[in-house]
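Observations on the three-dimensional arrangement
Residue strings, one per chain:
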Amino acid sequence: MAKCVRKIAAVVLALALMFSSVGIVAASPSDVVGTRFADSVDYLVGLGVISGYPDGTFRPAVTISRAEACKVIVLMTQGDAVIADLLRGANPFIDVPGNHWASGFIALAKNEGIVNGYPDGSFRPEATVSYAEYVKMLVEAAGLSPVPGYTWPANYVSAALSAGMLAGVPAFESNAPAIRGDCA
């Protein structure tokens, strides 16, 4: 129970800080300045949760992979990569070899119940994450429960909406690939 409360508190605090006017000052990626993504991206860059590309861009309209989504969520909930680094080499899914760059993040996300993978035992780390999948990861990472009475993915989207997790994200198609800016 204490672990669940700690996770909820960490995610709520992170989200509150992310949307507050006070944040960590970091160099803004050139392609998010003046966009609806600016505050969130700047804050997460400042925390070291996400980073831009060497050319100074973030590419907010580019899709995010399932492996990248695990890394972002694990870094937000854990604060650093220490545990993920210790789990690097673990093989929780048939298609995530131990030498995959995100194997530790994926293993930790699996161990924490944030991701489950697919019925065939795969995770598809390089596939794009859908908005529904990303929302499910957020809800699980926060220790929230899907809203009863709804089916997938409405049960998770409803929980995320109730928790204010989707503030600033326009209406989206649940099965559409999620973009980096919205995930921030």
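Residues numbered from 1 in each chain as written. Predicted model: local features only at pLDDT ≥ 70, side-chain atom pairs only at ≥ 80, totals over all residues. Heavy atoms only, no water.

**Description of the packing of aromatic side chains**
- Throughout the structure, instances matching the rule amount to two aromatic pairs.
- Taking 5.7 Å as the distance between ring centres and 70 degrees as the angle between the ring planes, the aromatic pair formed by Trp 152 and Tyr 156 counts as edge-to-face.
- With a relative accessible area of 11%, Tyr 156 lands in the buried category. (Phe/Tyr/Trp six-rings, centres within 6.5 Å; stacked < 30°, edge-to-face > 60°. Buried < 20%, exposed > 50% of the residue type's maximum accessible area, 1.4 Å probe, protein only.)

**Observations regarding the layout of surface pockets**
- Of the pockets and cavities examined, the second largest pocket occupies roughly 300 Å³.
- If you trace the second largest pocket, you find 15 residues lining it, with Ile 50, Ser 51, Glu 68, Val 72 and Arg 180 closest to the centre.
- The element contributing the most residues to the lining of the second largest pocket is helix α3 (residues 66–78), with three residues.
- Partitioning the lining of the second largest pocket into residue classes produces nine nonpolar, three polar and three charged. (1 Å grid on protein atoms, 1.4 Å probe; cavity = no way out; pocket = protein on both sides within 12 Å on 5 of 7 lines; lining within 4 Å. Points joined across faces, edges and corners; volume = space filled by probe spheres on them. Helix = DSSP H or I, 4+ residues; strand = E, 2+ residues; numbered from the N terminus. Nonpolar A, V, L, I, M, F, W, Y, C, P; charged D, E, K, R; others polar.)

**Let's talk about the packing of α3 against helix α6 (residues 131–141)**
- Two elements in contact, α3 and α6, have axes whose closest approach is 11 Å; the angle formed by their N-to-C orientations is 25 degrees. By the angle class used here, α3 and α6 are roughly parallel. The chirality of how α3 crosses α6 is right-handed. Residues Arg 66, Ala 69, Val 72, Ile 73 and Thr 77 of α3 form the contact with α6, whose own contacting residues are Glu 133, Tyr 134, Met 137, Leu 138 and Ala 141. (Axes fitted to C-alpha atoms, helices over the stretch in contact; angles between N-to-C directions. Parallel < 35°, antiparallel > 145°, perpendicular 65-115°, else oblique. Left-handed = near helix turned anticlockwise from the far one by under 90°. Contact = heavy atoms within 4.5 Å.)

**Here's the deal with α6**
- Of all the 11 residues making up α6, 10 are buried; the element is thus mostly covered by neighbouring parts of the structure.
- Those residues of α6 that fall on the buried side of the exposure criterion are Tyr 131, Ala 132, Glu 133, Tyr 134, Val 135, Lys 136, Met 137, Val 139, Glu 140 and Ala 141.

**Here we look at the confidence of the model for the protein chain**
- Residues of the protein chain with pLDDT of at least 70 account for 85%, and the chain-wide mean is 85.
- Of all the helices and strands in the protein chain, helix α1 (residues 2–19) carries the lowest mean pLDDT, 44, while α6 carries the highest, 96. (pLDDT = per-residue confidence, 0-100.)

**Topic: the environment of Ala 142**
- Within the secondary structure, Ala 142 sits in the loop between α6 and α7 (154–162).
- Spatially, the C-alpha atom of Ala 142 lies 9.1 Å from that of Ile 114, the residues being 28 residues apart in sequence.

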